[in-house]
Amino acid sequence: MPSADRIRAIRWEEGQLCLLDQRLLPQQETWLKLSDYRAVAVAIRQMVVRGAPAIGITAAYAMALAVSEAGTQANWQACLLSAADEIKAARPTAVNLAWATDRQLALAQSASTAEQAGAVLLQAAHDLLRDDIADNQRMGRYGAELLPAEGGILTHCNTGSLATGGYGTALGVIRAGVSAGKQLHVYVDETRPWLQGARLTAWELQQDGIPFCLNVDGAAAYLMQQGLIHAVIVGADRIAANGDAANKIGTYSLAVLAQYHQIPFYVAAPLSTVDFAMPDGGGIVIEERPAAEVRQCAGHAVVSEGVEVRNPAFDVTPASLIAAIITERGVARPGFQAALQALAAGHMQV
């Protein structure tokens, strides 16, 4: 089986941020080279890069680019603050975006010159990319212990190397399970309207040679009813302090179905995705994306002119439907508030 750690969506080359354009996969593998933070913000907003951890890493590099531009101004710190606001506005739901941007901003404000800040921010972005891969691998080992020795695993959206620095969160757990010798068959939701499951997760699993099949989102209940699904595992873009988890639209439906069919529902995400300042999921801002994403498929209209559309990009799964939250420091179980705080404080749990 090929190495599960070879796929990369983010790299830094010769002073430029290089992003694999995920809008074009799997038909084309095209890299965009960006040297301006505004272009990076547009790339985040337009889904060139997606997945909460990957967005956070990309934002860290965007701040490194921004400080170079701000350094030409006498009030470079104020200019950098303005750039940070622009970067954070690119997508509101993924907490990693604001977390990484604010982290870089704090590092820059402790520097005495823009040149010094630029070096610090670039190294911090490199470190974040490296650490994310290592964290995902640890997360995978913790999560693999929860998976059955054999059976079907349903996943939604894309949570692999393309959504992170490398290896993946929920898909990383599946990879780790397969590497440990478990006989797993992955059921991949297509994930409308961007088809991240069909275009991205299926592509990654093909690269690894992991057995899988693709299904339409609406088939999940049938697959569960037929006894084909033994666990559901998804990622998250923001987790509230109480364990409520925001993830790609359609995730909440899966959690309800899993509870009805008595199938464990797991969330895999780094602790940076936990927003401890958000008491519960009711305060999570749900991004409403353009109607054209639903009206069209692959650039072709699928509805009549003038049809009204709702296009929320995420939904929130209540903590009561989640069997465990898998992190790089261990597994949190209900009640999540105390368990997540303990993990954040460095108390390992399994």
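So, a few notes on the structure that sits alongside this text. The residue numbers shown here count from 1 along each chain, following its written sequence. A pLDDT threshold of at least 70 governs which residues receive local features in this predicted model, and a stricter bar of 80 or more applies before side-chain atom pairs are shown or counted, although totals over entire chains, interfaces and linings include all residues. Just so you know, side-chain values use all the structure's heavy atoms and leave hydrogens and water out.

Helix and strand content of the protein chain: 11 helices and 16 strands. Dimensions of the protein chain along its principal axes, counting C-alpha atoms only, are 65 × 55 × 40 Å. Burial status follows relative accessibility: with a 1.4 Å probe on protein chains alone, a residue under 20% of its type maximum counts as buried, one over 50% as exposed, and anything between as partly exposed. Here the protein chain holds 350 residues, and the buried ones make up 55% of them. Of all intrachain contacts in the protein chain linking residues separated by at least 6 positions in sequence, the fraction that spans at least 24 positions is 73%. A 1.4 Å probe and the Shrake-Rupley method give the accessible areas. Residues count as covered only by the protein chains that appear here. Only carbon and sulfur atoms are counted for the fraction: they give 51% of the accessible area of the protein chain, which is about 14,200 Å². Each helix is a run of DSSP H or I of at least 4 residues and each strand a run of E of at least 2, with the numbering of both proceeding from the N terminus. Any two residues whose heavy atoms approach within 4.5 Å are treated as being in contact.

Between any two strands, at least two bridges found by DSSP are needed for them to pair. The strand order across the open sheet built from 3 strands is β1-β2-β3, with neighbouring strands paired in antiparallel fashion. Only two strands of the sheet have a single partner each, and these edge strands are β1 (10-13) and β3 (31-34). Going across the sheet, the axis of each strand differs from the next one's by a mean of 25°, ignoring polarity. By the bridge criterion, 4 bridges tie β1 to strand β2 (residues 16-20) in an arrangement that is antiparallel. Bridging across to β2, Ile-10 finds its partner in Leu-19. A fitted line through C-alpha atoms serves as each axis, taken over the contacting stretch for helices, and the angle formed by two N-to-C directions is quoted from 0 to 180°.

Each packed pair of helices is defined by two parameters, the angle between the axes and the distance between the axes. For the pair helix α3 (residues 76-88) and helix α4 (residues 95-109), the least separation of the axes is 10 Å and the interaxial angle reads 175°. Taken together, the axes of α3 and α4 lie roughly antiparallel to each other. For the pair α3 and α4, the contacting residues are Trp-76, Gln-77, Leu-80, Leu-81, Ala-84, Ile-87 and Lys-88 in the first and Leu-97, Ala-98, Thr-101, Asp-102, Leu-105, Ala-108 and Gln-109 in the second. Its residues assigned to classes, the contact of α3 with α4 comprises 9 nonpolar, 3 polar and 2 charged. Should an angle fall under 35 degrees it is called roughly parallel, over 145 degrees roughly antiparallel, and 65 to 115 degrees roughly perpendicular, with every other angle called oblique. Amino acids are sorted into nonpolar (Ala, Val, Leu, Ile, Met, Phe, Trp, Tyr, Cys and Pro), charged (Asp, Glu, Lys and Arg) and polar (every other residue, Gly among them).

Before going further, it helps to examine the layout of surface pockets. The method works on a 1 Å grid over the protein atoms by themselves. A cavity is a set of points holding a 1.4 Å probe that cannot get out, a pocket is an open set with protein on both sides within 12 Å along at least five of seven lines, and residues with an atom within 4 Å of a point line them. Grid points are joined across faces, edges and corners, and a volume is the space filled by probe spheres set on the points. Looking at the largest pocket, its volume works out to about 330 Å³. Together, 14 residues line the largest pocket, and Pro-193, Trp-194, Cys-297, Ala-298 and Gly-299 are the ones closest to its centre. Taken together, the residues of the lining of the largest pocket break down into 7 nonpolar, 3 polar and 4 charged. Its volume calculated, the second largest pocket comes out at about 200 Å³. What lines the second largest pocket is a set of 14 residues, and nearest its centre among them are Trp-99, Leu-128, Asp-132, Asp-135 and Ser-272.

Right, let's talk about the side chain of Ser-272 for a bit. For Ser-272, the position within the fold is in the loop between β10 (265-268) and β11 (274-275). Distance and chemistry together define a polar contact, namely a pair of N or O atoms within 3.5 Å, with one atom able to donate a hydrogen and the other to accept it when in protein, and with adjacent residues in sequence counting only for side-chain atoms on both sides. Polar contacts involving the side chain of Ser-272 include one to the side chain of Asn-96, which spans 3.1 Å. In contact with Ser-272, not counting residues within four places along its chain, are Val-95, Asn-96 and Trp-99.

Right, let's talk about the packing of aromatic side chains for a bit. Aromatic rings from Phe, Tyr and Trp, with only the six-membered ring used for Trp, were paired whenever their centres fell within 6.5 Å, and each pair was classed as stacked if the ring planes differed by under 30 degrees, edge-to-face if by over 60, and tilted otherwise. One pass over the structure, following the stated rule, counts 1 aromatic pair. Ring geometry for Trp-12 against Tyr-61: centres 5.3 Å apart, planes inclined by 15°, an arrangement best described as stacked. Taken as a pair, Trp-12 in strand β1 and Tyr-61 in helix α2 (residues 52-70) lie far apart in primary sequence, 49 residues in all. The buried category is assigned to Tyr-61, whose relative accessible area is 1%. We note Lys-248 situated over the ring of Phe-314; from NZ or CZ to the ring centre the distance is 4.4 Å. Working rule: Lys NZ or Arg CZ, within 6 Å of ring centre, within 35 degrees of ring normal, means a charge sits over the ring.

It is worth spelling out the packing of α2 against α4 at this point. Taken N-terminus to C-terminus, the directions of α2 and α4 make an angle of 30°; their axes are 7 Å apart at the nearest point. With respect to their mutual orientation, α2 and α4 come out roughly parallel. When the axes of α2 and α4 are compared, the crossing they make is right-handed. Contact with α2, carried on its side by Ala-52, Pro-53, Ile-55, Gly-56, Ala-59, Ala-60 and Met-63, involves Asn-96, Leu-97, Ala-100, Thr-101, Gln-104 and Leu-105 of α4 and no other residues of that element. In this scheme, a crossing is called left-handed if the near helix is turned counterclockwise away from the far one by less than a right angle; it is called right-handed if the turn is clockwise.

Buried within helix α1 (residues 37-45) we find Tyr-37, Val-40, Ala-41, Ala-43 and Ile-44. In a view along the axis of α1, the buried residues occupy a sector of 160°, so they form one face of it. Where α1 is buried, its residues contact β2, β3, α2, α3 and α4. At the N-terminal boundary of α1, the capping side chain belongs to Asp-36, with an oxygen 2.8 Å from the backbone nitrogen of Arg-38. Trailing α1 by a residue or two, Met-47 shows a phi angle of about 75°, which is positive. For this quantity, the arc is that covered by the directions from the helix axis to the C-beta atoms.

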